[in-house]
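For reference, the chains in residue letters:
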Amino acid sequence: INHIVHNGGLYKRPFNEAFEETPMLVAVLTYVGYGVLTLFGYLRDFMRQWKIEKCQNATEREEQKDFVPLYQDFENFYNRNLYMRIRDSWNRPICSVPGAKVDMMERVSHDYNWTFTYTGRVIKDIINMGSYNYLGFAQKTGACQEAAAKVLSQYGAGVCSTRQEMGNLDKHEELEKLVARFLGVESAMAYGMGFATNSMNIPALVGKGCLILSDELNHASLVLGARLSGATIRIFKHNNMQSLEKLLKDAIVHGQPRTRRPWKKILILVEGIYSMEGSIVRLPEVIALKKKYKSYLYLDEAHSIGALGPTGRGVVEYFGLNPEDVDVMMGTFTKSFGAAGGYIGGKKELIDYLRTYSHSAVYATSMSPPVVEQIITSVKCIMGEDGTTVGRARVQQLAENTRYFRRRLKEMGFIIYGNEDSPVVPLMLYMPAKIGAFGREMLKRNIGVVVVGFPATPIIESRARFCLSAAHTKEMLDTALKEINEVGDLLQLKYSRRRLVPLLDRPFDETTYEETED
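Residues numbered from 1 in each chain as written. Predicted model: local features only at pLDDT ≥ 70, side-chain atom pairs only at ≥ 80, totals over all residues. Heavy atoms only, no water.

Participant: Residue-level account of the domain arrangement of the chain, with values.
Facilitator: One frequently used descriptor of interface size is the decrease in accessible area upon assembly of the parts. Domain boundaries assigned for the chain yield domain 1 (19-128 + 388-498) and domain 2 (143-383). Averaged C-alpha coordinates put domain 1 and domain 2 at centres separated by 29 Å. With 20 residues of domain 1 in contact, the opposing surface of domain 2 contributes 18 residues. Viewed at the interface, domain 2 and domain 1 are joined by 1 salt bridge. The partner of R463 in a salt bridge is E277, and the shortest N-O contact between them spans 2.9 Å. Here domain 1 is connected to domain 2 by 8 residue pairs in polar contact (both at pLDDT 80 or more). For the side of domain 1 that touches domain 2, the secondary structure elements donating two or more residues are α13 (390-412), β12 (418-419), β13 (424-430) and β16 (462-467). No other element matches the 6 residues that α13 contributes to the side of domain 1 that touches domain 2. Of the residues that constitute the side of domain 1 that touches domain 2, the class distribution is 10 nonpolar, 5 polar and 5 charged. (Domains from an automatic or database assignment. Contact = heavy atoms within 4.5 Å. Salt bridge = Lys/Arg side-chain N within 4 Å of Asp/Glu carboxyl O. Polar contact = N/O pair within 3.5 Å; in protein donor to acceptor, adjacent residues only side chain to side chain. Helix = DSSP H or I, 4+ residues; strand = E, 2+ residues; numbered from the N terminus. Nonpolar A, V, L, I, M, F, W, Y, C, P; charged D, E, K, R; others polar.)

Participant: Give me the lowdown on a nonpolar patch on the surface, citing residues and values where you can.
Facilitator: Residues M24, V28, V32, V36, L39, F40, L43, F46, W50 and I52 make up a contiguous nonpolar surface patch of roughly 1100 Å² in combined accessible area. Within the secondary structure, W50 is located in the loop between α1 (24-49) and α2 (77-81). (Patch = residues over 30% accessible without salt bridge, like charges linked within 9 Å, V, L, I, M, F, W, Y side chains within 5 Å. Areas by Shrake-Rupley, 256 points an atom, 1.4 Å probe, with all protein chains shown as cover.)

Participant: I'd like a rundown of the UniProt feature "domain: Aminotransferase class I/classII large" (unreviewed entry) in the chain, residues and numbers included.
Facilitator: Within this structure's numbering, the places UniProt gives as "domain: Aminotransferase class I/classII large" (unreviewed entry) are residues 124-484. Across residues 124-484, the secondary structure splits into 43% helix and 17% strand, with the terminal C-alpha atoms separated by 19 Å. (UniProt positions renumbered as here; feature names shortened; annotations may be inferred.)

Participant: Can you explain the packing of aromatic side chains? Please cite residues and give values.
Facilitator: Each aromatic ring pair is summarised here by two numbers: the centre-to-centre distance and the angle between the ring planes. Summed over the entire model, instances satisfying the criterion amount to 17 aromatic pairs. Here the aromatic rings of F19 and Y417 are separated by 4.7 Å at their centres, their planes lie at 70 degrees, and the arrangement is edge-to-face. Taken as a pair, F19 in strand β2 (residues 15-20) and Y417 in the loop between α13 and β12 lie far apart in primary sequence, 398 residues in all. A relative accessible area of 1% means that Y417 is categorised as buried. Each ring, one from Y42 and one from F77, has its centre 4.7 Å from the other, and the planes form 35 degrees; the classification is tilted. Of this pair, Y42 sits in helix α1 while F77 sits in helix α2, and the two are 35 residues apart along the sequence. Overall, Y42 belongs to the partly exposed group, its relative accessible area being 44%. Each residue in the set Y11, F15, Y318 and F319 is aromatic and connected to the rest through ring pairs, giving one cluster. Positioned above the aromatic ring of F116, the side-chain terminus of R107 is 4.1 Å from the ring centre. (Phe/Tyr/Trp six-rings, centres within 6.5 Å; stacked < 30°, edge-to-face > 60°. Buried < 20%, exposed > 50% of the residue type's maximum accessible area, 1.4 Å probe, protein only. Lys NZ or Arg CZ within 6 Å of the ring centre and 35° of its normal.)

Below, the structure is given as structure tokens:
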């Protein structure tokens, strides 16, 4: 049963999002699998200690044995004994534009993934189901490439200074005005790194005596920014408005610990699309709570800007809301725009404050001019200011590809997480042995996929994560679906029993998610 919410008129469209319950047998076998791997890990560590097996992990030099340990041996247990077995599924070297198809350098390992050697062969035309190239702007031909090449010849590749010194170009000013217009806000500021946009700006907005209410599945950049700020952090269950409201009530009633003084500020941190779950934030309800309890809202649209909404303006447009209701609108240029960096949009007073107090603004080198031009050209294309309808067509194509791909996978019998409109599509694998097996089998069939396991996900919720793109043709998707279906039968991954649990009723394990945060 899909979870469709209307919630007293807050939603202007159906909100269809569901998570299917993990079958009990699968959960038990997954725990058993990790248990067996752990036992063998201890056995192999014992053999390495007594020189029966060659020790290839980082260890102290003999003359430093009496020093304080530089390498925490036990903390690396997971890397040595579990991750190393399937290490070949990650960090695969790409040697082409990360478009709808990629070329990959072939590599082999003769020591069970401790080291890799390149064969010199290039695997051509792998269908790319893993890159965040939502609107297909990661390309080496076309208007964006031509504009970036022209700016490169005029401005060069680097700026060699911060914005406040000698690094403020006319292109940076143009970009920020364009982004503010695109978002529908008073002002905007661009940064050279998406991760630092969160981690360096949150400490500028809140500090000691402030309270941050953070979704339990927020990205590491939000978590780091919250910790660096020195503010008190409290976690609410993922997308659970009852949990958020309880924390807001408690914060207002009880105030700060010990002193009981009111909090200086309460800041709610959420994402537009959660990149591991494929879920979309319940923004209408979050905004209603924010207004009711007079708190501030920080929205991270890294994955949703360009990918949601009729004209690609993100989760705010997707729900038909007013951008002014979001106090801090953050996003990145690394995904839908095929570039690098991030932005923050909001009221002019907010942006003027950040220009002075944000570490990213004061100390970081300015964005590279060709990257800035790539963003300007792609945003104008999405807005239709290039005189074409290519941008609008890409947004619509992404939405069609997303619904088609999700529907077909569900029909095949896979357990698929997330919202029906989310281009991030997690396919549940569960068992540790199937993480590596799925990635390898798909690569044999010329499909590039991303597989994810603990600690990036809860221990029994390993998954493959597909990212749809407007650049994917129906033929590419059909080819990928055919191969996924075959591998699903081979590895027995079709766990679905069509018993979908609404998100609010999804079981919550505090220990699991605390480990995930760390």
